[in-house]
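Chain residues, written in single-letter form:
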Amino acid sequence: MAEMVTYLPISSPFIRFAGRYVDEAFGVAAGYNFFIFEAALVPFEIVACNVIIHYWSDVVPAGGIIAIVIVLYGIINVFAVKWYGESEFWLAMGKVLLIVGLIIFTFITMVGGNPLHDRFGFRYWNTPGAFTELYKTGNLGRFLGFLQCLIQASFTIAGPDYVSMAAGEAENPRKVMPKAFNGVFYRLTAFFILGSLAVGILVPFDDAELKAAFKSGLPGAAASPYVVAMNRLKIRILPDIVNSMVLASAFSAGNSYVYCASRSLFGLALEGKAPKILTRCTKSGVPIYCVAVVLAIALLSFLQVSNNAAVVLNWFVSLVTASQLINFSVMAFTFICWKRACDVQGLDRTKLPHTSFWQPFSAYYALTGCFIMTFVGGYTVFLEGQWDIPTFLFSYLMVFIFPVIFVGWKVLKRTKWLKPHEVILRTAEVDAIDEYTRNYVERVPRTRWHASDTPIGSWSLSLRERKQKNQAVTCTF
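What counts and how
Residues numbered from 1 in each chain as written. Predicted model: local features only at pLDDT ≥ 70, side-chain atom pairs only at ≥ 80, totals over all residues. Heavy atoms only, no water. Helix = DSSP H or I, 4+ residues; strand = E, 2+ residues; numbered from the N terminus. Buried < 20%, exposed > 50% of the residue type's maximum accessible area, 1.4 Å probe, protein only. Contact = heavy atoms within 4.5 Å. Areas by Shrake-Rupley, 256 points an atom, 1.4 Å probe, with all protein chains shown as cover. Core = buried A, V, L, I, M, F, W, Y, C linked by side-chain atoms within 4.5 Å. 1 Å grid on protein atoms, 1.4 Å probe; cavity = no way out; pocket = protein on both sides within 12 Å on 5 of 7 lines; lining within 4 Å. Points joined across faces, edges and corners; volume = space filled by probe spheres on them. Nonpolar A, V, L, I, M, F, W, Y, C, P; charged D, E, K, R; others polar. Salt bridge = Lys/Arg side-chain N within 4 Å of Asp/Glu carboxyl O. Disulfide = S-S within 2.5 Å. pLDDT = per-residue confidence, 0-100. Axes fitted to C-alpha atoms, helices over the stretch in contact; angles between N-to-C directions. Left-handed = near helix turned anticlockwise from the far one by under 90°. Polar contact = N/O pair within 3.5 Å; in protein donor to acceptor, adjacent residues only side chain to side chain. Expected span 1.5 Å × (residues − 1). Bend = angle between axes of the 7 residues up to and from the residue. Phe/Tyr/Trp six-rings, centres within 6.5 Å; stacked < 30°, edge-to-face > 60°. Patch = residues over 30% accessible without salt bridge, like charges linked within 9 Å, V, L, I, M, F, W, Y side chains within 5 Å.

**A short note on the overall build of the chain**
The secondary structure content of the chain amounts to 18 helices and zero strands. Among the 477 residues that make up the chain, the fraction classed as buried is 45%. Restricting the contact set of the chain to residue pairs at least 6 apart, pairs at least 24 apart contribute 74%. Total accessible area on the chain stands at roughly 24,600 Å², and carbon and sulfur atoms take up 66% of it.

**Considering the nonpolar core**
Residues Met-1, Phe-17, Tyr-21, Val-42, Ile-46, Trp-338 and Leu-425 are the most contacted members of the largest nonpolar core, which totals 95 residues. Per element, the largest residue contribution to this core is 19 residues, and it comes from helix H14 (residues 309–345). Those residues in contact with Val-42, other than ones at most four positions away along the chain, are Tyr-73, Gly-254, Tyr-257, Val-258, Val-294 and Ala-298. Counting 23 residues, the second-largest nonpolar core is a separate cluster that includes Cys-49, Met-110, Leu-202 and Val-203.

**Side note on the layout of surface pockets**
To find leftover empty space, one rolls a probe the size of a water molecule over the atoms. Here the second largest pocket defines a volume of roughly 290 Å³. Taken together, Phe-26, Ile-326, Ser-329, Val-330, Phe-333, Leu-367, Phe-371, Thr-374, Phe-375, Val-399, Phe-402 and Pro-403 make up the full set of residues lining the second largest pocket. Elements with a contribution of two residues or more to the lining of the second largest pocket: H14, helix H15 (361–376) and helix H16 (389–413). A class-by-class count of the residues in the lining of the second largest pocket yields ten nonpolar, two polar and no charged.

**What to know about the pattern of salt bridges**
In this structure the tally under the stated criterion is twelve salt bridges. A salt bridge links Arg-16 to Glu-271, with the shortest nitrogen-to-oxygen separation between them at 4.0 Å. Here Arg-16, found in helix H2 (residues 13–21), pairs with Glu-271, found in the loop between helix H12 (238–270) and helix H13 (288–298); they are 255 residues apart in sequence, far enough to count as distant. Classification of Glu-271 by relative accessible area gives partly exposed; the value is 42%. Because the salt bridges share partners, they merge into one network encompassing Arg-16, Arg-20, Glu-271, Lys-273 and Glu-429.

**Some thoughts on the state of the cysteines**
As enumerated under the stated definition, the model contains zero disulfides in all. Here Cys-281 stays unpaired: no disulfide links it, and the sulfur of Cys-290, its closest cysteine neighbor, is 7.4 Å away.

**Points about the confidence of the model for the chain**
Across the chain, pLDDT averages 82, with 87% of residues at or above 70. Least confident of the elements in the chain is helix H18 (residues 463–473), whose mean pLDDT is 39; most confident is H13, at 93.

**What to know about the side chain of His-354**
With respect to the element layout, His-354 can be found in the loop between H14 and H15. Excluding its chain neighbours within four sequence positions, the residues that come into contact with His-354 are Ala-2, Glu-3, Thr-6 and Pro-178.

**Considerations on the packing of helix H3 (residues 24–53) against H16**
One way to put it is that H3 packs onto H16 with a least axis distance of 8 Å and a crossing angle of 145°. In terms of crossing hand, the pair formed by H3 and H16 is right-handed. When H3 is examined against H16, the residues Glu-24, Ala-25, Phe-26, Val-28, Ala-29, Ala-30, Tyr-32, Asn-33 and Ile-36 are found in contact with a partner set consisting of Met-398, Phe-402, Ile-405, Phe-406, Trp-409 and Lys-410.

**Brief notes about the side chain of Asp-207**
The residue Asp-207 is located in the loop between helix H9 (173–202) and helix H10 (208–216) in this model. Among the polar contacts listed, one links the side chain of Asp-207 to the side chain of Arg-232, at a separation of 2.6 Å. Beyond its immediate sequence surroundings of up to four residues, Asp-207 is in contact with Val-228 and Arg-232.

**Remarks on H16**
An α-helical turn contains 3.6 residues, so a residue and the one three or four places further along point in the same direction. In this model, H16 (25 residues) spans 34 Å end to end at C-alpha, consistent with the 36 Å of a helix rising 1.5 Å per residue. Along H16, the sharpest change in direction is near 50° and occurs at Tyr-396. Of the residues making up H16, those classed as buried are Thr-391, Phe-392, Phe-394, Ser-395, Tyr-396, Met-398, Val-399, Phe-402, Ile-405, Phe-406 and Trp-409.

**Concerning the packing of aromatic side chains**
Taken as a whole and judged by the stated rule, the model has 25 aromatic pairs. Aromatic side chains Phe-392 and Tyr-396 sit 5.4 Å apart centroid to centroid with 45° between the ring planes, which places their arrangement in the tilted category. Highlighted residues: Phe-392 and Tyr-396, both in helix H16, separated by four residues, approximately one helical turn. Considered together, Phe-392 and Tyr-396 belong to a single accessibility category, that of buried residues. Every member of this aromatic cluster is reached through a ring pair, and the members are Tyr-7, Phe-17, Tyr-21, Phe-335 and Trp-338.

**A word on H9**
Across its 30 residues, H9 extends 42 Å between first and last C-alpha, which sits within 8% of the 44 Å expected from 1.5 Å per residue. Three or more residues of H9 are buried, namely Pro-173, Arg-174, Met-177, Pro-178, Phe-181, Gly-183, Gly-195, Ala-198, Ile-201 and Leu-202.

**Focus: unusual backbone geometry**
Residue Pro-128 is bonded to the preceding Thr-127 through a cis peptide linkage, with omega at 10°. Considering the arrangement of structural elements, one finds Pro-128 in helix H6 (residues 123–129). Put simply, Gln-359 and Pro-360 share a cis peptide bond, and its omega is 5°. Among the secondary structure elements, Pro-360 is positioned in the loop between H14 and H15. One non-glycine residue, His-117, lies in the positive phi region at around 55°.

**Some points on the environment of Tyr-21**
Assignment of secondary structure puts Tyr-21 in helix H2. Classification of Tyr-21 as buried rests on a relative accessible area of 2%. Separated by 315 residues in sequence, Tyr-21 and Ile-336 have C-alpha atoms that sit 9.5 Å apart. Other than its neighbours up to four places away in sequence, Tyr-21 contacts Met-4, Leu-8, Thr-334, Cys-337, Trp-338, Leu-418, Val-423, Ile-424 and Leu-425.

**Focus: a nonpolar patch on the surface**
Nonpolar side chains collect at one region of the surface, where Phe-89, Trp-90, Met-93, Leu-97, Ile-237, Ile-241 and Met-245 lie side by side and expose about 720 Å² of accessible area between them. For the nonpolar patch, the leading source of residues is helix H5 (residues 84–110), giving four residues. With respect to the helices and strands, the residue Met-93 is situated in helix H5.

This is the structure:
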């Protein structure tokens, strides 16, 4: 993805690339899949907020909390959207501090820094063990347990797609975007691996509170397995602090998904791929009907009122996971088609601003892995005695919807599957970004961290001159 985006940094790149390098119908299907993926995360986060709040008290019923959160999302996204960027910056910083703090907490407690003075180390890797049996016994049961963890991990692999969405608005994208992609990859990999390691160290898989949370939807452990560890170690106050920060993170994530999903739908409408009425905005530029559609989908969170919270969360996890794996499959297949076009048309990829490694083998590997996991995600419903209609629908809904949208748009608009020599690689946008990059003059940050007594004009162009020069060649993508 990084290679294509740095070559042509435009807004919503992987969706538009799918239409430009594969087939317009393929891009439309990818766009709606991404919208559903974003929109489905809203009710997921709302249910998560409800579970966390009930850790402290169940005085307010689930329906009441869900309604309050939806109303708050509506108010924030319609009337307070101008504060969105600033608030998300500080909330994101809080998320980073939370995960770093929990990793440090794990190390301190495992070596004996806890009220029980218990140096448990890696005890739970031996007793009860690192692998548990699931559905079956023996090696097959342990494999199914690992497979279930792999499915859950598929839910968390988002990252590069969000980075690419900002390509069209980034300053000097051909220099900035490769660093952003690499930074996200290494940070998320570190946090996910260390976070998983920390949970495995702190809590055994047979913990009663943990099992109750996942099977019965009881509050506490469902909010965070770290809370279970703190309860086991008789640590006070800290569980409330952790749950408060997790609650803020969940609420912030849900608000972000409302914003992103509504803008994704708005983009589809602007391109004529969604009803025109969705292009209408308020005076402040908020796509009001798109926000309304996303909040209407958020009403699915009321499923928790008549169902187990853990079950409802698993439903949304299944839907989001399938949609996300399709999303990554689209990216990998689009890159394969793009590389074929480059090879046929003689575009030397080694001279591009960024070149991905082990291609096209890594793209084929990603496509194969994501495609297989898309169908494996709901395998449990096919086991003896495990059939469940809602679980089946949430697991495979997008598997059916994606080809329906693709075929429907292809028949309706009579789009063409592009051959490598038919793909247009050199566009006016590429020429514009080439010129922008050649003439770009880096601006010196003017913040309290970058303050300098040396006048800017003594070693570079004045700020106004640089601004005028950049504006002369800037193109809005």
